[in-house]
Amino acid sequence: MKYLLNIILYAIAMGLFIGFASCGEPHTEEKDDCGDHPNPYGLDITHCKEDFLAEVGKNPELMLVDLEDFLEGVQLDIKYAREDNFTGEVIYTAPKAYVRKPVAEALNQVRDSLFSLGLDFIVYDAYRPYEATVKFFEVYPDPEFLADPQYGSRHNRGCAVDLTLIDSETGEKLAMPTGFDEFIDQAHPEYTDLPEEVIENRDLLIGIMDHFGFSVYPTEWWHFDYHRWEDFPLMDLSFEEIEKILEKEQPES
Ligand SMILES: [Zn+2]
């Protein structure tokens, strides 16, 4: 009898533990809260807070991090939160930069390395909701430069970042081959018909990012993919949903 009681108590304790591990909310396999989110390409996309938290409960690495909270004094220049981007429209509802936790940790190492050279980076873009990837491709349907929605973007996975180098004292951007989102041949990381200083700056950025696990995109010197991007699902969470997730998580962590 006592043995049976122990088993029951253990089962209750495990139930509580599993409930806690999935972020304190009763976990169900139902997706009713999320509703339907049909995708014409059949992609599996995390599209609501409940699903996201369930995934993080199973694998804490999937947590998103606000770079402004994680990297002290980090500079952001989020073009898609303003009209001065290639679409000419405001796409993001807030000038925010989110990435998955291991990506933020790797960027922290990149920064330490840059600091020792009197440099820092400024971020143009990080996590991008899938919906924005669809919109971008409608405006500029060129898979050489923009992610095709049938596959999604590594930005949708919280595993890509667009950035450039700045002087850490003055905040001035270093000379680079092109501006951000200039979809021309000069943006290719291999392009050589450029002033020596520009090539040095570009190759320094690419070399340091590579050292900490980021590979440059073959047509955009400013775009870097975290090497483990395949481990992180596509997401279509709004910035507002992410803010709610982070408000909820931070007091507990
Ligand atoms: Zn990018």
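Residues numbered from 1 in each chain as written. Predicted model: local features only at pLDDT ≥ 70, side-chain atom pairs only at ≥ 80, totals over all residues.

(A) Quick look at the confidence of the model for the protein. Taken as a whole, the protein shows an average pLDDT of 88; of its residues, 85% reach a score of 70 or greater. Note that residues 1-32 has pLDDT below 50 and, in this model, 14 contacts with residues that lie over four places away or in other chains. (pLDDT = per-residue confidence, 0-100. Contact = placed C-beta atoms within 7 Å.)

(B) The arrangement of the pairing of strand E5 (residues 119-125) in detail. For E5, the buried fraction is high: five of the seven residues fall into the buried class. Pairing analysis gives two bridges linking strand E3 (residues 75-76) to E5, with the strands arranged parallel. Opposite Leu76, over in E5, you have Val123 as the bridge partner. Summarising the sheet, E5 and strand E6 (residues 160-167) pair through six bridges and their orientation is antiparallel. (Buried ≥ 20, exposed ≤ 12 C-beta atoms within 10 Å, placed from the backbone. Helix = DSSP H or I, 4+ residues; strand = E, 2+ residues; numbered from the N terminus. Pairing = 2+ DSSP bridges.)

(C) Structural detail: the sheet that holds E3. With mixed pairing, the five strands of this open sheet are ordered in space as E3-E5-E6-E8-E7. With one partner strand each, in any of the chains shown, E3 and strand E7 (214-217) form the two edges of the open sheet. Running over the sheet, helix H4 (residues 101-115) touches E5, E6, E7 and strand E8 (220-226) and is turned about 145° from E5. Against the sheet, helix H6 (residues 196-211) contacts E6, E7 and E8, and its axis sits at roughly 140° relative to E7. (Axes fitted to C-alpha atoms, helices over the stretch in contact; angles between N-to-C directions.)

(D) Structural view of the pairing of E6. With six of eight residues buried, E6 lies mostly within the body of the structure. Inspection of the sheet shows E6 paired to E8 by three bridges, in the antiparallel sense. Paired with Asp162 across the two strands is His223, which belongs to E8.

(E) Spotlight on the nonpolar core. With 45 residues, the main nonpolar core has Leu67, Tyr98, Val99, Val123, Ala126 and Val161 as its most contacted residues. Counting residues per element, this core draws most heavily on H4, which supplies five residues. Other than its neighbours up to four places away in sequence, Ala126 contacts Leu67, Ala97, Tyr98, Val99 and Val161. (Core = buried A, V, L, I, M, F, W, Y, C linked by C-beta atoms within 7 Å.)

(F) Just the environment of Ser238, in detail. Checked against the element boundaries, Ser238 lands in the loop between strand E9 (234-235) and helix H7 (239-249). Distance from Ser238 to Tyr130, taken between C-alpha atoms, is 9.4 Å for residues 108 residues apart in sequence. Here Ser238 is in contact with Thr93 and Pro129, once residues within four sequence places are set aside.

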